[in-house]
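Per-entry structural report
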Amino acid sequence: MTTATTKTTSPEPSAAATGIAERVASVARVAEEHLERTDRDAVFPEHALAEMRRTGLLGLLVPAEYGGCGGTLTDLVDASMTLGRTDMSVAMILAMHCQQSEAVIRYAASPLREELLTRLAAGELYLASVTTEPGKGGHLFRSYAPLREADDTLEIDRAAPIVTGGTVADGFLITMRSPHATADHHVSLVYAHRHQLRVEGDGVWCPMGMRASHSVPLTLKGTVPGHQVIGEHGAFHRIAQSVFGPLAHLGWSAAWLGTAAGALSRVLRLLRDPAGRKSFDLGSQLLMTRISRARQRLDTVHALLRRTEALVAGGADLAGANSQLLLNGLKITAAEECHRAVEDLIDAVGLRHGYLQNSPTRLEKALRDLRSAALNYSNDRLHLADGQLCLLDPEVRFA
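Residues numbered from 1 in each chain as written. Predicted model: local features only at pLDDT ≥ 70, side-chain atom pairs only at ≥ 80, totals over all residues. Heavy atoms only, no water.

**Side note on the nonpolar core**
- Among the nonpolar cores identified, the biggest contains 116 residues, and Ile156, Phe172 and Trp256 are the most heavily contacted of them.
- By residue number, the principal contributor to this core is helix α7 (residues 236–272), which donates 20 residues.
- In this view, Trp256 contacts Met88, Met92, Lys331, Ala334, Ala335, Cys338, Leu370, Ala373 and Asn376; residues no more than four positions away in its chain are not counted. (Core = buried A, V, L, I, M, F, W, Y, C linked by side-chain atoms within 4.5 Å. Buried < 20%, exposed > 50% of the residue type's maximum accessible area, 1.4 Å probe, protein only. Helix = DSSP H or I, 4+ residues; strand = E, 2+ residues; numbered from the N terminus. Contact = heavy atoms within 4.5 Å.)

Written out as structure tokens, the structure is:
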């Protein structure tokens, strides 16, 4: 008896997806050209940002009717992974900008929505997020800085210890305590053009990794029209649950996975290169095991990333305990496993190619960058939240 075999083929990417991939590749090439300088000097990758503007990639998620790319969540994940293979800072910059733009797409009201979407599509608007605040310890749903109403305007006086890209941003989405708040968790999200604010930097950016993200402390003061609130006053928690949290965990995890995948790819090319093979014993069981373990870690993260992406894209109730556990689990797992994969690779190739800064593998930089992953909205904080969520799901249902 013969068994017929069915050959399956992947669907051809759409013209829009192909166009987005070409734009991302163009930004990656520019980021590569300036990578050594931006990392060495800890400066914002302005050439890469200029290419995002030129190619329209800042409008990645903006609907085509406004001149944007009309991209999907998959496009954002793919773009973050691709850029992460070159520079994790650039990948995170795009991912966080798209998180902000999606909040505008879903929650801004007319006429602000039309104005901002048109500018995003034209590459005129790079958005920075102002959610960190002294004294609140990373609690996204709280703010102590009061947003004051005066006639038809809103008065902003806000300090933030970390604002990625804040020194070059064209606009800001800022969390503040609602004018009508009766508790610190009644938080509003406000948009402000740069020209509406006095923006002052304070401090020097000299981190271990993520050096090109240039996430310096800022103080922002100014007045904006009352219609520049995003969503309803005091209802930021809805935006956080539906946009900020999911897109942060997906975009960050994709950037981390791309960084680790790029590191593994460079190691494998080194091992396959005729000159490189002279330095390694490809018959070593220990070497093969370490490479295998690194790949296993990345495949695990990739599978979890795509599952979580499908959940979010499918319109599931993201406020449910099992959905929250999956989203948080993605962030925790990606942060830990991508970092460990690079550690595996450093052990595999040794001092010369695993530890030195001038190695073509760039493992030293990847390790520095990925060390930030578990600290970027702390894994410990997420584990505390997840422990409480577990108690709400005694049946252990999977999303």
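That shown, we press on.
**Quick look at the sheet that holds strand β6 (residues 197–201)**
- A sheet is described by the order of its strands in space; here 4 strands give the open sequence β2-β3-β7-β6, paired in antiparallel fashion. Sheet topology places β2 (148–150) and β6 at the edges, where each strand pairs with a single neighbour. Averaged over all pairs of adjacent strands, the angle between their axes in this sheet comes to 15°, without regard to strand direction. (Pairing = 2+ DSSP bridges. Axes fitted to C-alpha atoms, helices over the stretch in contact; angles between N-to-C directions.)

**Section: the pairing of strand β5 (residues 187–193)**
- Of all 7 residues making up β5, 7 are buried, and the element is well covered by its neighbours.
- The alternating pattern of β5 places Val187, Leu189, Tyr191 and His193 on one face and Ser188, Val190 and Ala192 on the opposite face, and all of these are buried.
- Strand direction decides the pairing type here: strand β4 (residues 171–177) and β5, joined by 7 bridges, are antiparallel. Opposite Phe172, over in β5, you have Ala192 as the bridge partner.
- As paired strands, β5 and strand β8 (residues 229–230) are joined by 2 bridges and run antiparallel to one another. Of the residues in β8, the one forming a bridge with Val190 is Val229.

**Examining α7**
- Given a rise of 1.5 Å per residue, 37 residues ought to cover 54 Å, and the 51 Å separating the end C-alpha atoms of α7 matches this to within 8%.
- Along its length, α7 shows its largest kink, about 30°, at Phe244, and proline Pro246 lies within four residues downstream of that point.
- Burial of α7 is extensive: 29 of the 37 residues sit out of reach of the surface. (Expected span 1.5 Å × (residues − 1). Bend = angle between axes of the 7 residues up to and from the residue.)

**Description of unusual backbone geometry**
- Note that the residue after Ser110, namely Pro111, is joined by a cis bond; omega there is 5°.
- By the element assignment, Pro111 lies in the loop between α5 (88–107) and α6 (112–121).
- Notably, Ala42 is not glycine yet its phi reads approximately 55°, a positive angle.
- Take Ala42: it is sitting in the loop between α2 (35–41) and α3 (46–55).
- Residue classification places Ala42 among the buried residues on the basis of a relative accessible area of 6%.
- Despite not being glycine, His214 has its phi angle at roughly 45°, a positive value.
- Residue placement: His214 occurs in the loop between β6 and β7 (215–225).

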